[in-house]
Structures are given as C-alpha cells and as structure tokens.
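For reference, the chains in residue letters:
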Amino acid sequence: PGLIRAVEEVFPDSLRVRCWFHKMQNLSDKVPDEEWEDVKGELIAIRDAASWEMGRRLAEAFCEKYASRYPSLVRCLREDLEAPLNH
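Summary of the structure given here. Here the structure is a predicted model, which means the values were calculated and not measured. (Residues numbered from 1 in each chain as written. Predicted model: local features only at pLDDT ≥ 70, side-chain atom pairs only at ≥ 80, totals over all residues. Heavy atoms only, no water.)

**A short note on the nonpolar core**
Among the nonpolar cores identified, the biggest contains 19 residues, and Leu27, Val39, Leu43, Ile46, Phe62, Leu73 and Leu77 are the most heavily contacted of them. Of all the secondary structure elements, the ones that give two or more residues to this core are helix H2 (20–28), helix H3 (33–47), helix H4 (52–66) and helix H5 (71–78). Each residue touching Ile46, except ones within four places of it in the same chain, is listed here: Trp20, Gly55, Leu58, Ala59, Phe62, Leu77 and Leu85. (Core = buried A, V, L, I, M, F, W, Y, C linked by side-chain atoms within 4.5 Å. Buried < 20%, exposed > 50% of the residue type's maximum accessible area, 1.4 Å probe, protein only. Helix = DSSP H or I, 4+ residues; strand = E, 2+ residues; numbered from the N terminus. Contact = heavy atoms within 4.5 Å.)

**Re H4**
Between its first and last C-alpha atoms H4 spans 21 Å; for 15 residues at 1.5 Å apiece the expected length is 21 Å, and the two agree. Where H4 is concerned, the buried positions are Gly55, Ala59, Phe62, Cys63 and Tyr66. Viewed end-on, H4 has its buried residues packed into an arc of 100 degrees, placing them on one side of the element. Set apart from the buried face of H4 by more than 90 degrees, the exposed residues are Arg57, Glu64 and Lys65. (Expected span 1.5 Å × (residues − 1). Arc of directions from axis to C-beta.)

Right under this line is the structure:
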C-alpha cells in the first residue's frame, strides 16, 4: 500500500495496471468449481473489452448479476477495479 501511494503522489497521471492472472486466482476462490467456467468466461469478456468504458460497463452488469449469489466475488472484483481495467 505504501508503494502504491508513493507512486500515485510522485506520478499522479500514471496508470496502475493489475495482473489479471492473480486477480482471476483470487476470484476463482469465491465461486464453486462447477460454476467457475461460466463465471470465468464473463470475466474474460471484461478483461478483453475494447475500451476501459466498455470494461467498466461489463463489470457493473456482472456485479449486478452476481451480487446476491456471490457477494465476496463481487467485492473482490470491485476492489481496485480500475487497475485491472487499465491496458
């Protein structure tokens, strides 16, 4: 957290990117194995969106769809969402 804060202060216009591999590992822990492939497909669509705005819209729709069924999944996706959407 301190390193992230320091970079944001020194380079306020820089984009921070989060690794999708590790994000997906964290997200997969929040869903039963038998449902992971379907959920993973939707997350890949978010990751591969043509623009940041489209990724954000897809992520919001995803969160609405799964909020009641998998609240920890939705919390994990929303946590620091801007960083994995940057590319």
